[in-house]
Amino acid sequence: MNRVIARKVVPTYHQIFKLSRKQFCSDEAAKSSAAAASSQFNQESDANLSLTGNVQPYDIAIVGGGMVGMALACSLGRLFFLPSALVYYHAVTAPFILPCLSIGGWVGLGLNKQDQMEKTGAFLPMAFDTVCSCSINESILIDALCFVFIKLLTLLLAATTPLTKHLRVAIIDSSPALANKPCIKREDPPDPRVSTVTPATISFFKDTGAWQYVQQHRHAYFDKMQVWDYTSLGYTKYDAKDVDKEVLGCVVENKVLHSSLLSRIEDTDFQKTIYHSRLTSMSLHPSSSSIVVDSTAPTEASYARGRLAKLELSDGNSLYAKLVVGSDGGKSQVRELAGFKTTGWKYSQNAVICTVEHSVENYCAWQRFLPAGPIALLPVGDKFSNIVWTMNPEESSDFKSVKEDDFVKAVNHALDYGYGPHPKSSLQGSAGMFSWLRGNVTILANESFEIPPKVVKLASERMAFPLSLMHANEYASKRVVLIGDAAHTVHPLAGQGVNLGFGDAFALSRIIAEGIAVGMDIGEVSLLKKYEAERKLANMTMMAILDGFQKAYSIDFGPLNILRAAAFHGAHFISPLKRSIISYASGEQRLPLFY
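Since the model is a prediction, treat every value here as computed from it, not as a measurement.

1. Focus on the side chain of Asn362
Alright, step 1. Here Asn362 lies in the loop between strand S12 (342-358) and strand S13 (364-370).
Alright, step 2. There is a polar contact of 3.2 Å between the side chain of Asn362 and the backbone nitrogen of Cys364.
Alright, step 3. Among all residues touching Asn362, those that are not within four sequence positions of it are Leu377, Leu378, Pro379, Ser385 and Pro453.

Now the structure itself:
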């Protein structure tokens, strides 16, 4: 009876296996399951999209080759997609393998029910015992085990090959930094344009393989930060140890970040083309089945059917892409051409930035809120620090042109006794009104107020730029999406702007990979809206917090000063609040509330 059942049941799975084996042994699938998914996507979303003449259709055109745009390109070339591979493996394999081994193995051997139960405890050894001892169904079970091996091999390939690596990517930017990568020498003074990258951003760079290039140049980790204001009523100190982290962030020159990303892209083998030009126009035909097109020009036909966006460049080149990514800054041409509306306002403030030198090394980030705006002193390494000083436009013009010695004196004045005395580390005097926030907590030596290291020399030119807040009402439409400053600009008082942009780049690359995994057109608005929904909430939350800080410290009013001081003390002495603030500022998606 068992033999009869085996003849009826097992051949069915044998036929299924033959079909699956034929599919998995094709040349294309042998590369990886990621390549197969990408191939399927190409067949579905742009059938007949062959090349004609010099017109090359791209999957993605990144307009803007700055740090955020290059980060997206790096992420597309390195993003791993193991979770979906696991889902794919279990969904496809389980219905076939388990019955094949359990029914084919147990029934084929003619085991009785008791023997089956005894063997169930050692399922895998039973499978191999079956291969060695079975006579009638031996070839069938060997095929089944081969099928398991092929599936596991497919899983490994999918886990080590990004689905997005097979996309054709165009990068459009006329910046000289892309045409001729600058030579960065360690002995040169740091550039005044720096970014404070969070632990979340550092992890992103490590995942893409770009952080190894950053480490070859000057950079400065910091694990402590002190924030206070000119009223001397309160201060807050943050330590990475408070949230079991090694660092709070790392200060890196923008040119180092950009060069590291470019080096990483050059070292990857995914298909990319850099156009040293500017975008002049962008158009997209609405999809319509009634449009009559020339079948001999598939690229133009796909464009006419709304499957591609057409980009015209300043050098006369034209190119087509399924998705256009605007990463071209606050004055985004992509945003303007796509018709995205924005909301925002200009602050009556400018930021003056420069590099200064100390006589000792600086290992802490410092920020003091002054009547006209905050001043920040950020470590850069090699006894250098970066200054970001917010002030009104008239003052910025004066400080930009004043003599170097006078500017150094003004910086030390602003970071020391200028505008008011130092906050007190004990609860004596004016701090006594906030004793209820402290409770019985004893202030440790490393929690007491410290004076920043003196500035001894100006080490770079001084630069000034106006500050504003801008947010695009929408991030995505059909075949167009915005990331970074093209979608949002914020006040620099917490150094979060570039980190929000890197967060956009990573999220978009992941959403694109998810779309490819299920065979979607990466330019479909339904897919791009998933990215918008995820990033808009995170960006608007951070923007609201920074704008609130800017407004709260723009008013010198007695009762408000006391409330600000209470907030400082609360952040300093209430441990859950302090941990939450540090975690949120580090890039974790938790709001700065109690937990």
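There is more to say after this.
2. Regarding the pattern of salt bridges
Alright, step 1. Per the stated rule, a full pass over the model turns up 18 salt bridges.
Alright, step 2. Of the charged contacts, one joins Glu532 and Lys536 as a salt bridge, the two residues approaching to 3.3 Å between their closest N and O atoms. Of this pair, Glu532 and Lys536 are both found in helix H19 (residues 525-552), four residues apart, which corresponds to roughly one turn of the helix.
Alright, step 3. Among the residues examined, Glu532 registers a relative accessible area of 9% and is labelled buried.
Alright, step 4. Salt bridges sharing common partners tie together Arg186, Arg218, Glu253, Lys255 and Asp382.

3. Examining unusual backbone geometry
Alright, step 1. Of note in this structure, Asp244 is not a glycine but carries a positive phi near 60°.
Alright, step 2. With respect to the helices and strands, the residue Asp244 is situated in the loop between strand S6 (235-239) and strand S7 (249-253).
Alright, step 3. Among the residues examined, Asp244 registers a relative accessible area of 74% and is labelled exposed.
Alright, step 4. Look at Asp382: it is not a glycine, yet its phi comes out positive at around 60°.
Alright, step 5. Among the structural elements, Asp382 can be located in the loop between strand S14 (373-381) and strand S15 (384-391).

4. Topic: helix H18 (residues 497-517)
Alright, step 1. Between its first and last C-alpha atoms H18 spans 31 Å; for 21 residues at 1.5 Å apiece the expected length is 30 Å, and the two agree.
Alright, step 2. The element H18 is extensively covered by neighbouring structure, given that 15 of its 21 residues are classed as buried.

5. Some thoughts on the nonpolar core
It is characteristic of soluble globular proteins that their nonpolar side chains tend to be buried jointly.
Alright, step 1. One finds Ile60, Phe205, Leu261, Val325, Phe502, Leu508 and Ile512 to be the most contacted residues of the largest nonpolar core, which totals 69 residues.
Alright, step 2. Not counting the four nearest positions on each side in its chain, Ile60 is found in contact with Leu76, Leu167, Arg168, Val169, Ala170, Ala321, Leu323, Val325, Ile512 and Ile522.
Alright, step 3. Core analysis: the second largest hydrophobic core is formed by 23 residues, Leu370, Met391, Ala414 and Leu415 among them.

6. Notes on the confidence of the model for the protein
In regions of low pLDDT, the predicted coordinates are not meant to be interpreted in detail.
Alright, step 1. With 67% of its residues at a pLDDT of at least 70, the protein reaches an overall mean of 77.
Alright, step 2. Under a pLDDT of 50 for its full length, residues 426-442 has, in the predicted model, 23 contacts with residues more than four places off or in other chains.

7. Looking at the packing of aromatic side chains
Alright, step 1. This structure, assessed with the given rule, holds 14 aromatic pairs.
Alright, step 2. Here Phe205 and Phe502 contribute two aromatic rings whose centre-to-centre distance is 5.2 Å and whose plane-to-plane angle is 85°, an arrangement assigned as edge-to-face. Of this pair, Phe205 sits in helix H10 (residues 199-208) while Phe502 sits in helix H18, and the two are 297 residues apart along the sequence. As far as burial versus exposure is concerned, Phe205 and Phe502 are alike and both buried.
Alright, step 3. Aromatic pair Tyr235 and Phe449: ring centres 5.7 Å apart, planes at 75°, arrangement edge-to-face. Placement of the pair is Tyr235 in strand S6 and Phe449 in the loop between helix H17 (435-438) and strand S16 (455-458), with a sequence separation of 214 residues.
Alright, step 4. Within the aromatic cluster, the residues linked to one another by ring pairs are Phe204, Phe205, Trp211, Tyr221, Phe502 and Phe506.
Alright, step 5. Sitting above the plane of the Phe407 ring, Arg462 keeps its charged end 5.1 Å from the centroid.
Alright, step 6. In this structure, Lys536 packs its charged tip against the face of Tyr475, placed 5.7 Å from the ring centre.

Rules used throughout
Residues numbered from 1 in each chain as written. Predicted model: local features only at pLDDT ≥ 70, side-chain atom pairs only at ≥ 80, totals over all residues. Heavy atoms only, no water. Helix = DSSP H or I, 4+ residues; strand = E, 2+ residues; numbered from the N terminus. Polar contact = N/O pair within 3.5 Å; in protein donor to acceptor, adjacent residues only side chain to side chain. Contact = heavy atoms within 4.5 Å. Salt bridge = Lys/Arg side-chain N within 4 Å of Asp/Glu carboxyl O. Buried < 20%, exposed > 50% of the residue type's maximum accessible area, 1.4 Å probe, protein only. Expected span 1.5 Å × (residues − 1). Core = buried A, V, L, I, M, F, W, Y, C linked by side-chain atoms within 4.5 Å. pLDDT = per-residue confidence, 0-100. Phe/Tyr/Trp six-rings, centres within 6.5 Å; stacked < 30°, edge-to-face > 60°. Lys NZ or Arg CZ within 6 Å of the ring centre and 35° of its normal.

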